[in-house]
Amino acid sequence: GNAESMASLLCLSLLAAATAATSPGRLVPFDLLYADGVRAYLARDWARAAELLQRALHSYAGLRAARRACRTACARQEPFPGGPGRWEAALLGPVLQRAGCLQRCLGRRLRPAPSAHRASCAVRRDFERREPYNYLQVAFFQLKKLDQAVSAAHTFFIANPQHLQMREDIEKYRRMSGVKSDSFQDLEAAPHWVRAQYEYLQAVAWLEESLSEALSALEECRALCEGPWEDEDEEEKMQPAHYIQVLKCRQQCVLEIATKPGRISATEDFIPSHLDLLQFAYNQVGNQTLAAECAASYLLFYPTDEAMLEKMKQYRTELGEDTAVTARQSIQHYVQRSLMEKKLIYYAVEHLGETFNDPVSIILIFLPWFHQLFTITVVRIHFSSLLMPICACFSTGPLPFEGIAVTMDSQQMNGTQRVVFDRVLTESECKDLLRLTKAAGEAGDGYRARRSPHTPHERFEGLTVLKAMQLAQNGDVEWRDAKLLLQASEKSRKIIESYFTPGKKLHFSFTHLVCRRAVDGEQEGRMDLSHPVHADNCLLDPEGQECWKEPPAYVYRDYSGILYLNDDFQGGGLFFTEMDTVTVTAEVRPKCGRLVAFSSGKENPHGVWAVSRGRRCAIALWYTHSREHAEQVKGYVEETNTSTSK
């Protein structure tokens, strides 16, 4: 957290000391325990920090459980006794009755009083982002409790996949001897994140359990929408607008529970796709009755889906036209309730001046709870692969220049859309470009030989085409060297375009002349990578076996390339992995004039081994089919060339 929130935590820790005594049924406020735990952490009292932080997490979970239980119990209150002409009581009575029930229930369950458990927004945000686990992993590591450190680190990293320091820590843990693979477990994982198998009987069991857990998770989220909110006073919670806010919260539950920790967007079509897979699996095991029930449930979401209507017709024929086929009661209830809530909200929008950001449609956007099954799309592929093989082949075009050799193709690299070209540059051209890299260390694009953003064991130097042209214009570098950088980049673009996408234009997305230099005296015992495993246009999620196309990933990038300039260094090789980021499928050793090219998506996770000695230089290239995302340097370069030739 920032300095302000840290100061608040330290102040709260003083209050924690005054409330440290516990008694049966007492739940010490989690924010006070957290504050005291952070204070112990800063004092390097690792044992006390670990104890207090674990108690804070336990208290936070207990508070949420109490709220869920009370809100679920109070949702079953008896109807409020209204009467003729008492429409206000009939409308607002149940709301007031439920609010009173919640207050009494929480008062019985929580000691001290419920008001003592209201934490600041900053602290609540820390727990939502699993920040306590970040502190815990360090404390456990210092206590030499490696398995617990790994679990805490993994739990934090699942919700914060872009946290560079934790990414490095995870890589270190993976390479440590004595660390068990099953230590990498998400301690906050919800039950509906299940792993699937491909045998149909087993798939049915997993899918049914997953669907049940998904609906339960939705109910728990909806229950937490009840009652007074953290920042609401007693008067505000009695206003009619409060109930509309509760309805909005319930609608947003779909997005909240449909977004995996660490992601910012939900995956579409969970419930209907679940039902689609279930009807397919039931049909494969010969249970047409349940297959038809799932098909009918699916049609509540997509009543005009031609393929499913055709299957429904087939099931009716097999079961007999007289056999009644209805959708599942739970799905009918779910859809009807969702639509009714929407009607109430839109009435308030029209007549009470409310606003509503509808999550598209509650019956359309969901997340696959069996996400570690893979995403819906991938699951469909795997099921259909039991029936027919899927070809991952693609045709390649001719090379536009003579003398260039294809050293390794996709098949030799055990992947798809990967290739290695040699002799793209001559030894003389590599030397000229290496001369240009000296300017990158002195006046480059901002790194100026600082520590690499990916590892503290290397220094990083970078130079863009635009910066090289500006340096040439100022007389800081030779014009011919700057132009050679542009020519080498354009040559690589034409090779990759012709090979992978003949007839379809590739534009520069970004071009970067990059050198990574090993820091002398800091290589002993090194276990991290020069660049962690990643994909170039999506956020890699090894646990879910998925890659999420959402910011901050450069989602518009289509192809990537690396043009190497030297090989007089140790380490620094490029490697490709499976989606798990651990299983290496191919490696490429850098050398002058070697160009590695590959598609930028989830099919090509890749990383760079540590540079342990010397300086590794290359031109990193990214391309896009999107003209609007093209690198805006060509016009400037052409204008500069024109002005210098006069």
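Residues numbered from 1 in each chain as written. Predicted model: local features only at pLDDT ≥ 70, side-chain atom pairs only at ≥ 80, totals over all residues. Heavy atoms only, no water.

Heads up, the rule is: UniProt positions are given in the numbering used here, feature names are shortened, and annotations may be inferred rather than shown by experiment.
The name given to the protein in an unreviewed UniProt entry is procollagen-proline 3-dioxygenase, with the source organism recorded as Catharus ustulatus. What UniProt states about the protein under its Sequence similarities (unreviewed entry) heading is, verbatim, "Belongs to the leprecan family."

## Regarding the overall build of the protein
What counts, and what does not: Numbering goes from the N terminus for both helices and strands, where a helix is a DSSP run of H or I of at least four residues and a strand is a run of E of at least two. For the exposure calls, accessible area comes from a 1.4 Å probe over protein chains only, and a residue counts as buried if that area is under 20% of its type's maximum, exposed if over 50%, partly exposed in between. Should any heavy atoms of two residues lie within 4.5 Å, those residues are considered in contact. Where accessible areas are quoted, they stem from the Shrake-Rupley method and a 1.4 Å probe; at the residue level, only the protein chains shown are allowed to cover.
Assigned secondary structure in the protein consists of 19 helices and 15 strands. Taking all 646 residues of the protein together, the buried fraction comes to 50%. When contacts within the protein are restricted to residue pairs at least 6 apart in sequence, those whose partners lie at least 24 apart make up 74%. Summed over all atoms, the accessible surface of the protein reaches about 31,100 Å², with 52% contributed by carbon and sulfur.

## Considering empty space enclosed by the protein
Test applied: Put simply, the grid is 1 Å and covers the protein atoms alone, a cavity is a trapped set of points that fit a 1.4 Å probe, a pocket is an open set with protein on both sides within 12 Å along at least five of seven lines, and lining residues have an atom within 4 Å of a point. Grid points are joined across faces, edges and corners, and a volume is the space filled by probe spheres set on the points. Each residue is assigned to one class: nonpolar for Ala, Val, Leu, Ile, Met, Phe, Trp, Tyr, Cys and Pro, charged for Asp, Glu, Lys and Arg, and polar for all the others, Gly among them.
Under the defined criterion, the tally for this structure stands at two cavities of 30 Å³ or more. Empty space within the largest cavity amounts to approximately 220 Å³. For the largest cavity, the lining is made up of 17 residues, of which Phe 157, Pro 161, Leu 540, Asp 541 and Pro 542 are closest to its centre. Among the elements that make up the lining of the largest cavity, the one with the highest residue count is helix H8 (residues 164-175) (four residues). Taken together, the residues that form the lining of the largest cavity break down as eight nonpolar, two polar and seven charged.

## So, helix H14 (residues 329-351)
Operational definition: Multiply 1.5 Å by the residue count of a helix minus one, and that product is the helix's expected span.
In this model, H14 (23 residues) spans 33 Å end to end at C-alpha, consistent with the 33 Å of a helix rising 1.5 Å per residue. The complete set of buried residues in H14 reads Ile 331, Tyr 334, Val 335, Arg 337, Ser 338, Glu 341, Lys 342, Ile 345 and Ala 348.

## Some words on the packing of aromatic side chains
What counts, and what does not: What counts as a ring pair is set by centres within 6.5 Å for rings of Phe, Tyr and Trp (its six-membered ring), and what kind of pair is set by the plane angle: stacked under 30 degrees, edge-to-face over 60, tilted for all other angles.
Under the defined criterion, the tally for this structure stands at 17 aromatic pairs. Centroid distance Tyr 41 to Trp 46: 5.5 Å. Interplanar angle 80°. Geometry classified as edge-to-face. Residue classification places Trp 46 among the buried residues on the basis of a relative accessible area of 14%. A centroid spacing of 4.9 Å and a plane angle of 75° characterise the contact between Tyr 41 and Tyr 135, whose relative ring orientation is edge-to-face. Of this pair, Tyr 41 sits in helix H2 (residues 30-42) while Tyr 135 sits in helix H6 (residues 131-142), and the two are 94 residues apart along the sequence.

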